[in-house]
Amino acid sequence: MIVIPWFVASLMVASGAFLPVEPPHTMCKAIWIIGAPCGDVSVALVNQIKMWSSADSCSTGGEKCRYELKSSNQTYIFAKHTTADKEVDDLLFHLKPSHDSPTCRTVGISISEALDRVSDNGANYCNLFNLVEGSGLTKAKIFKEITNDFMCNERSLAKCEVY
Ligand SMILES: *[C@@H]1O[C@H](CO)[C@@H](O)[C@H](O)[C@H]1NC(C)=O
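Summarised in this report is the structure supplied together with it. Computed from a predicted model, the values in this text were never measured in an experiment.

### Re the pattern of salt bridges
Thought 1: All told, the structure shown has six salt bridges when counted by the stated rule.
Thought 2: In this structure, Lys 80 engages Asp 90 in a salt bridge whose closest nitrogen and oxygen atoms are separated by 3.1 Å. Note that Lys 80 is positioned in strand 3 (residues 76–82) and Asp 90 in strand 4 (residues 88–97), a separation of 10 residues in sequence. The exposure classification of Lys 80 matches that of Asp 90, with both residues buried.
Thought 3: One salt-bridge network, in which partners are shared between bridges, spans Lys 80, Asp 90 and Glu 113.

### Examining the sheet that holds strand 2 (residues 67–72)
Thought 1: The strand order 2-3-4-5-1-6 describes an open sheet built from six strands, whose pairing is antiparallel. One side of each edge strand has no neighbouring strand; the edge strands of this open sheet are strand 2 and strand 6 (143–146). With direction set aside, neighbouring strand axes in the sheet form an average angle of 20 degrees.
Thought 2: Note that strand 4 and strand 5 (residues 104–112) share nine bridges and pair antiparallel. Paired with Leu 95 across the strands is Thr 106, a residue of strand 5.
Thought 3: Across the sheet, helix 2 (residues 38–51) lies against strand 1 (27–34), strand 2, strand 3, strand 4 and strand 5, angled at about 160 degrees from strand 4, the strand it touches most.
Thought 4: Together, strand 1, strand 2, strand 3, strand 4, strand 5 and strand 6 form the strand contacts of helix 3 (residues 123–134), whose direction differs from that of strand 4 by roughly 50 degrees.

### Concerning the site of the ligand
Thought 1: Residues in contact with the ligand, as listed here, are Asn 73, Tyr 76 and Phe 78.
Thought 2: Burial of the ligand by the surrounding chains reaches 33%, relative to a free accessible area of 360 Å².

### Let's talk about the state of the cysteines
Thought 1: All chains considered together, the criterion is met by four disulfides.
Thought 2: Cys 28 shares a disulfide with Cys 152; S-S distance 2.0 Å. Its torsion about the S-S bond being 45 degrees, the disulfide of Cys 28 and Cys 152 is classed as right-handed. With a gap of 124 residues between them, Cys 28 in strand 1 and Cys 152 in the segment after strand 6 connect regions that are remote in the sequence. This pair shows no difference in class: Cys 28 is buried, exactly as Cys 152 is.
Thought 3: The disulfide bridge from Cys 38 ends at Cys 104, spanning 2.1 Å between sulfur atoms. Judged by the torsion about the S-S bond (105 degrees), the Cys 38/Cys 104 disulfide is right-handed. Taken together, the residues span a long stretch of sequence, with Cys 38 in helix 2 and Cys 104 in strand 5 at a distance of 66 residues.
Thought 4: On the basis of relative accessibility, which here comes to 0%, the residue Cys 104 falls in the buried class.
Thought 5: Here the cysteine-cysteine linkages of the chain are recorded as 1-7, 2-5, 3-4, 6-8, numbering only bonded cysteines and doing so in sequence order.

What counts and what doesn't
Residues numbered from 1 in each chain as written. Predicted model: local features only at pLDDT ≥ 70, side-chain atom pairs only at ≥ 80, totals over all residues. Heavy atoms only, no water. Salt bridge = Lys/Arg side-chain N within 4 Å of Asp/Glu carboxyl O. Helix = DSSP H or I, 4+ residues; strand = E, 2+ residues; numbered from the N terminus. Buried < 20%, exposed > 50% of the residue type's maximum accessible area, 1.4 Å probe, protein only. Pairing = 2+ DSSP bridges. Axes fitted to C-alpha atoms, helices over the stretch in contact; angles between N-to-C directions. Contact = heavy atoms within 4.5 Å. Near = heavy atom within 4 Å. Areas by Shrake-Rupley, 256 points an atom, 1.4 Å probe, with all protein chains shown as cover. Disulfide = S-S within 2.5 Å.

What follows is the structure in structure tokens.
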């Protein structure tokens, strides 16, 4: 029997692979429409995760560090992010070329492993957005973000330079 860790199951649920059941964790699902081939988007995100894997890039504060790449291919990127106060969040990017335009539909999902946290100050959103911004994808010719407080816990409180 294959045992699927709960967070992989949650990520699959959140990505719409199964019935949409709300997991009891703080989370964020955001969608970016990016004017670049999905292969380039994948390479950019993976490189940024690797670049921010040590704690060094946070020596002056912020959370742009302590990322860990779990696995990646052209379609899926799995990673983890550990915050300064040792909260572990599981991340997934699902990349899909758009049919009708030269863009890559990038769905990002971040789920906190902690069960006792109801407030995250938008940290799950920032886990994803910081990678998208840091890798330069926000500067693509076409760039559109779909997110709100329903899709992303406390999105409107997000201060991605801090949390
Ligand atoms: C990419 O990884 C996912 C998740 O591990 C897997 O289901 C999928 O088949 C892989 N796709 C390719 C093209 O290897």
